[in-house]
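Spelled out from the first residue to the last, the chains are:
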2 protein chains.
Amino acid sequence: MPATIRDVARASGVHISTVSRTFSAPHLVNPETRGRVLACAEELGYRPNRAARALITGRTHNIGLIIADIANPFFPPLIKAAESQARQRDYHVFVADTNEDPVAEEELVHALAKQVDGVLLCSPRMSNSLIEQLSREVPLVVINRQVAGLPCVTMDVGQGARAAIEHLTGLGHRRVALLSGPRGSWTSREIRRAAGVAARAAGAELTVLGPNAPTETGGGALAEQVRRSEVTAVLAYNDLMAIGLIEELDAIGLRVPQDVSVVGIDDITLSRLTRPKLTTVATPTAAAGRTAVDMLLQHDAVAARGSRGGGRSGASDDRRTTAQVMLQTELVIRDSTAAVPADGRPRPEAGSVTPGPHRLAGPGRPTATTGGVVAS
Amino acid sequence: MPATIRDVARASGVHISTVSRTFSAPHLVNPETRGRVLACAEELGYRPNRAARALITGRTHNIGLIIADIANPFFPPLIKAAESQARQRDYHVFVADTNEDPVAEEELVHALAKQVDGVLLCSPRMSNSLIEQLSREVPLVVINRQVAGLPCVTMDVGQGARAAIEHLTGLGHRRVALLSGPRGSWTSREIRRAAGVAARAAGAELTVLGPNAPTETGGGALAEQVRRSEVTAVLAYNDLMAIGLIEELDAIGLRVPQDVSVVGIDDITLSRLTRPKLTTVATPTAAAGRTAVDMLLQHDAVAARGSRGGGRSGASDDRRTTAQVMLQTELVIRDSTAAVPADGRPRPEAGSVTPGPHRLAGPGRPTATTGGVVAS
DNA sequence: TTGAAAGCGCTAACAT
DNA sequence: ATGTTAGCGCTTTCAA
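Position numbers for residues count from 1 along each chain, tracking the sequence in the order it is written. Written order determines the labels here, with chains lettered from A and ligands numbered from 1. Note on the predicted model: pLDDT of at least 70 is required for a residue's local features to be given, and 80 or more for side-chain atom pairs to be given and counted; whole-chain, interface and lining totals, by contrast, use all residues. With hydrogens and water stripped out, all remaining heavy atoms of the structure feed into the side-chain values.

- Per an unreviewed UniProt entry, chain A carries the name Transcriptional regulator, LacI family and comes from Micromonospora citrea.

Written out as structure tokens, the structure is:
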């Protein structure tokens, strides 16, 4: 049975309100008294009960992090960064997995709402209007998607896709396939749009394949279509699909990058460890996690100042401060892309030379990414 | 401002205690009244405030999951499974990352203690005695380690290591290196012990290298030592180290499996995607997560029944029910192991043939692993 | 600078 | 079957 504020009060011979102040407003209590109280608290192993505190202050010092699929290697770095950032600010993090299910997503927001000061919605599958509606119940920061009027953190995959297509056309490719991601995914739409524009600008033809599940299996399942489409290069929705595709391409006799070049998106750890190493668009996922937490907590601080006596205001009306941040991406050139084969298409024997790995810009995976900020 | 129990009471014309009962003991309230209350609650979007409820019942319906490193691919499947299992039982999960730091670990248990009904300690780095002490503050289930008197979920890496060594000696290897993991890791000790026994039994020589960080870098850093030690096979503490080692071995001119065979442990997703595909000991991490949650919640249910009026009893004295579960592991043979080279050691040209992938037993990664149960 | 009192949202005896 | 009452651990006016 843990010590309560009353135990400490008794032990140090003061009223409980003095103990309370010692922890929540130390400057309001006599240094001497404070010392005594602190000593007793220490002695008894007392820690304020956050839940009880939340009941009256309206701030739980918890946040919720809702993830589409924890086991997808894209997410763990984001979760880790978000948790770390939150804890540094003395917040604890509920993590929940929706299994890509929009219904679970909504239910989770409701269930968590009372226990948190805000929710980070990562790669949401639900509709914009539902997100807006939920944001009136609890402050929301949306990750990997833009919703008008709500704070969002996205990564500039459009710019990344453009860089990828330019890299490919620069290598002489004129027929490129795009493996599209989940229907309704903001990221997928962005990629498609930008890739289309870039291909047109370079006079290349872009064939859209899919959509398919954003997994190795989903990518692998498109290998046959890739072969039939007679493209010489592929841009995949993400690294997992790219890697699955490469595997399957290999199985049907097409070599990467000799016969087909493949570019992924995300730069998950895995992409450095496959053979060939994957050329990919690095997305700053850790930075996204940190940024989202910062945005939420800043928002939270504002709300705390504004409302007295435990009011929970939701996104309310301070829309003026609602920022939308887009983080920069970076093309990382490794071994899965090469110059277009001389005869233009699949050959049984290996063809051109594999280029040594090098990078387009920057010294490595951006750890402190500067984001292009777009105020809404 | 979310609806409270009072709003519902007013709207449905009953006392708040009736509303309370409608949610926490529905059978005690007249079906008709219940219907009316439920309707009003629905109407108002009322949801019981768990924190307030916890204050009086002593049950938060939250659990804590403390992880050494979320970004380590070993953990996400465990986190996912634990969260899923917990939520199915109407529990929410705090996830926290310690960065492998024992101090952070302890701090986290303290900080979370008041907000959860129990904590899952995954791969703890702190001392046994400290774990025992903390278990008096909040119910604990230990994962990946055995602590006397506490509920633990482990995987039988000893058996796995033995199978790996037998596989290797069966292929003719007589000089085997063991890449040891973090000092003080229970898993690492188990592996070392079992591998030693198995090697001795087969008349093989076991050289222990390390300990080193359980990462690709840590594994890669040992490549030179592996070469100098003149072994023909290596068992690594985990897949990450195995993969890093293979990369680095490749860089210094040793081919896997032609020159050196390498076996990992864990069977992370990655191990199926590298070239060569990794032979490894599959550990049922998802099952471990589920099992740990079940053990904690069962414990919790017992405690709830035992203590009246919101007492938190810690592990207290019902040690008799404290089970220690060990989950079975399974050797998965892929492409990183082969018969020992004819001349016994490193050759510039590729040597023996790569065996086709096949499995020792079972149809795949054990999804529903049966655990050998050891009561303590 | 400290104490007294009220109350956050809810549950759990005890009455009725 | 429902209402009354007390109070979980804490913060926050308001007075002293």
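**Some thoughts on the protein's contact with DNA strand D**
Link 1 in the chain: Throughout, the term near means that a residue has one or more heavy atoms lying within 4 Å of the molecule or strand in question. Looking at DNA strand D, there are 27 residues lining it, with A:Ile5, A:Ser20, A:Arg53, B:His15 and B:Thr33 nearest.
Link 2 in the chain: Close to the protein, within 4 Å, the atoms of DNA strand D belong to sugar or phosphate groups at a rate of 61%.
Link 3 in the chain: Within the backbone of A:Asn49, a nitrogen or oxygen atom sits 2.9 Å from a phosphate oxygen of DNA strand D.
Link 4 in the chain: Polar contact is defined as a pair of N or O atoms within 3.5 Å, subject to the rule that within protein one atom must be able to donate a hydrogen and the other to accept it, and that residues adjacent in sequence are counted only when both atoms are side-chain atoms. One of the side-chain nitrogen or oxygen atoms of B:Ser17 is found 3.4 Å away from a base nitrogen of DNA strand D.
Link 5 in the chain: Starting at the N terminus, helices and strands are each numbered in turn, a helix being any DSSP run of H or I of at least four residues and a strand any DSSP run of E of at least two. In terms of residue count, helix α4 (residues 50-57) of chain A provides more of the surface near DNA strand D than any other element does, 5 residues in total.
Link 6 in the chain: Its residues assigned to classes, the surface near DNA strand D shows 12 nonpolar, 10 polar and 5 charged. By the convention adopted, Pro, Cys, Tyr, Trp, Phe, Met, Ile, Leu, Val and Ala count as nonpolar, Lys, Arg, Asp and Glu as charged, and the other residues, Gly among them, as polar.

**Observations concerning helix α3 (residues 31-44) of chain A**
All names here are of chain A.
Link 1 in the chain: Given a helix with a known number of residues, its expected span is that number minus one, times 1.5 Å. The end-to-end C-alpha distance of α3, which contains 14 residues, comes to 20 Å, matching closely the 20 Å that a straight helix rising 1.5 Å per residue would cover.
Link 2 in the chain: Burial classes: relative accessible area under 20% of the type maximum marks a residue as buried, over 50% as exposed, and values in between as partly exposed (1.4 Å probe, protein chains only). Regarding α3, the residues found buried are Thr33, Val37, Cys40 and Ala41. One side of α3 holds all its buried residues, which, seen down the axis, span an arc of 100°. Opposite the buried face of α3, by more than 90 degrees, sit the exposed residues Pro31, Glu32, Glu42 and Glu43.
Link 3 in the chain: In this structure, the buried side of α3 is in contact with α1 (5-12) and α2 (16-24).
Link 4 in the chain: Measuring from the side-chain oxygen of the N-cap residue of α3 to the backbone nitrogen of Glu32 gives 2.8 Å; that N-cap residue is Asn30.
Link 5 in the chain: A positive phi of about 70° marks Gly45, the residue just after α3. The directions considered for the arc are those from the helix axis to the C-beta atoms. What makes two residues a contact is simply this: any of their non-hydrogen atoms within 4.5 Å.

**Things to note about the relation of the copies chain A and chain B**
Link 1 in the chain: The copies are overlaid by a least-squares fit using only the C-alpha atoms of residues whose pLDDT is at least 70 in both copies. Note on the identical chains: chain A maps onto chain B by a rotation of 180° and an axial translation of 0.0 Å, with an RMSD of 0.1 Å. A rotation of that kind, with that shift, is consistent with a two-fold axis.

**Some thoughts on the protein's contact with DNA strand C**
Link 1 in the chain: Within the structure, DNA strand C sits among 28 residues, and A:Arg21, A:Thr33, B:Ile5, B:Ser20 and B:Arg53 are positioned closest to it.
Link 2 in the chain: Here, DNA strand C places atoms within 4 Å of the protein, and 63% of those atoms are sugar or phosphate.
Link 3 in the chain: Within the contact set of DNA strand C, a phosphate oxygen lies 2.9 Å away from a backbone nitrogen or oxygen of A:Asn30.
Link 4 in the chain: Take B:Asn49: an N or O atom from its main chain is 3.0 Å from a phosphate oxygen of DNA strand C.
Link 5 in the chain: When residues of the surface near DNA strand C are traced back to their parent elements, those giving at least two are α2 and α4 of chain A together with α1 (5-12), α2 (16-24) and α4 (50-57) of chain B.
Link 6 in the chain: At 5 residues, the largest contribution of residues to the surface near DNA strand C is made by α4(B).
Link 7 in the chain: Taken together, the residues of the surface near DNA strand C sort by class into 12 nonpolar, 10 polar and 6 charged.

**Some details on the pattern of salt bridges**
Opposite charge on two side chains permits them to pair, given that their charged atoms come into close proximity.
Link 1 in the chain: Salt bridge, as used here, is a side-chain nitrogen of Lys or Arg placed within 4 Å of a carboxyl oxygen of Asp or Glu. Throughout the structure, instances matching the rule amount to 34 salt bridges over all chains.
Link 2 in the chain: Of the charged contacts, one joins B:Asp97 and A:Lys80 as a salt bridge, the two residues approaching to 3.2 Å between their closest N and O atoms. Highlighted residues: B:Asp97 in strand β2 (residues 92-97) and A:Lys80 in helix α5 (residues 76-88), drawn from two different chains. Accessibility classification places B:Asp97 together with A:Lys80 in one group, the buried group.
Link 3 in the chain: A salt bridge links B:Arg227 to B:Glu224; the shortest N-O distance between them is 2.4 Å. Separated by 3 residues within a single helix, B:Arg227 and B:Glu224 lie in helix α11 (residues 223-229), roughly one turn from each other.
Link 4 in the chain: Overall, the relative accessible area of 35% leaves B:Arg227 in the partly exposed class.
Link 5 in the chain: Of the residues examined, B:Glu224 reaches a relative accessible area of 28% and is grouped as partly exposed.
Link 6 in the chain: Taken together, the shared-partner salt bridges in this structure form one network comprising A:Asp69, A:Asp97 and B:Lys80.

**As for the interface of chain A and chain B**
Link 1 in the chain: Contact residues are listed per partner, giving 43 residues for chain A and 44 residues for chain B.
Link 2 in the chain: Accessible surface is computed with a 1.4 Å probe, and the buried area is the amount of it that two parts give up when combined, taken over both parts together. Taken together, both faces of the contact between chain A and chain B bury some 4,300 Å²; the carbon and sulfur share is 56%.
Link 3 in the chain: The residue makeup of the side of chain A that touches chain B, split by class, is 19 nonpolar, 8 polar and 16 charged.

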